[in-house]
Structures are given as structure tokens and as C-alpha cells.
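Reading the structure
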Amino acid sequence: MTFRLMADERALNFLNSLDAKDQRVIKAKLKILRDIPYPGSDGDKEKLHTNKKRESYRLHIARTFTVIYNINSDEKLVYITHIMPIEKAHRRYGRI
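Below is a short write-up of the structure.

Criteria and thresholds
- Residues numbered from 1 in each chain as written.
- Predicted model: local features only at pLDDT ≥ 70, side-chain atom pairs only at ≥ 80, totals over all residues.
- Heavy atoms only, no water.
- Core = buried A, V, L, I, M, F, W, Y, C linked by side-chain atoms within 4.5 Å.
- Buried < 20%, exposed > 50% of the residue type's maximum accessible area, 1.4 Å probe, protein only.
- Helix = DSSP H or I, 4+ residues; strand = E, 2+ residues; numbered from the N terminus.
- Contact = heavy atoms within 4.5 Å.
- Phe/Tyr/Trp six-rings, centres within 6.5 Å; stacked < 30°, edge-to-face > 60°.

**Quick word on the nonpolar core**
With 17 residues, the main nonpolar core has Ile26, Leu30, Val67, Tyr69, Ile80 and Ile83 as its most contacted residues. Among the elements of the structure, α1 (9-17), α2 (20-35), β3 (56-61), β4 (65-72) and β5 (77-85) are those that each provide at least two residues to this core. Looking at this core element by element, the count peaks at four residues for β4. With near-sequence residues (within four places) excluded, Ile26 lies in contact with Leu15, Leu18, Ile61, Phe65 and Ile83.

**Structural notes on the packing of aromatic side chains**
Taken as a whole, this structure holds four aromatic pairs when the rule is applied. Considering the side-chain rings of Phe3 and Tyr38, the 6.4 Å spacing of their centres and the 75° angle between planes classify their relative orientation as edge-to-face. Of this pair, Phe3 sits in the segment before β1 (4-7) while Tyr38 sits in the loop between α2 and β2 (45-47), and the two are 35 residues apart along the sequence. Taking the centre distance of 5.7 Å and the plane angle of 25° together, the rings of Tyr57 and Tyr69 count as stacked.

Purely geometric numbers; function is a separate question.
Structure, rendered in C-alpha cells:
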């Protein structure tokens, strides 16, 4: 089952502000979400425990960046809400 990827403008702006190597690494990892957006045995993806109605997930990338995203299984859509340095994600969401 293939999901479509969409991203919030802030996430895209952050991605575009990075150097070419970081952009390549992040984009390669994001492509994985098209086929396997749900957490599994790889340990890079995890469901976040937040107070919001919508379930959010995180994807760690190279111990440097964190992607926060939502999944709409009915529409087969992965919506990327944030891409940020891992330190910022830890401060914002607790140690994730």
C-alpha cells in the first residue's frame, strides 16, 4: 500500500534551508514513509504520546533530525508537520 506524502510549508522551508547533503539524507528517509509509515521493528519510527486528538508519529533521521507526521489511512496520506533538529524535538516533545 503506497501513501502520498504531503508537507507543511514550515517543514518544507526548513528542509530547503539545509545544505544539499542533509536534504538528500532527509528526502531518502521520507520516501520510506510512502511504503511503511507505521512504527515497526526498525526503531526509527515511533508513535508520540500527546494530548492532541490526531495521532502523531516521529521519524529520527541520522541522529540529527526528527520528522513529525500524521497518517490518514483512509486517504493513504502521510502529512509531515515538522522537520527539526533532534535537540529541538527533544525540548518540544520530551525525550522521544
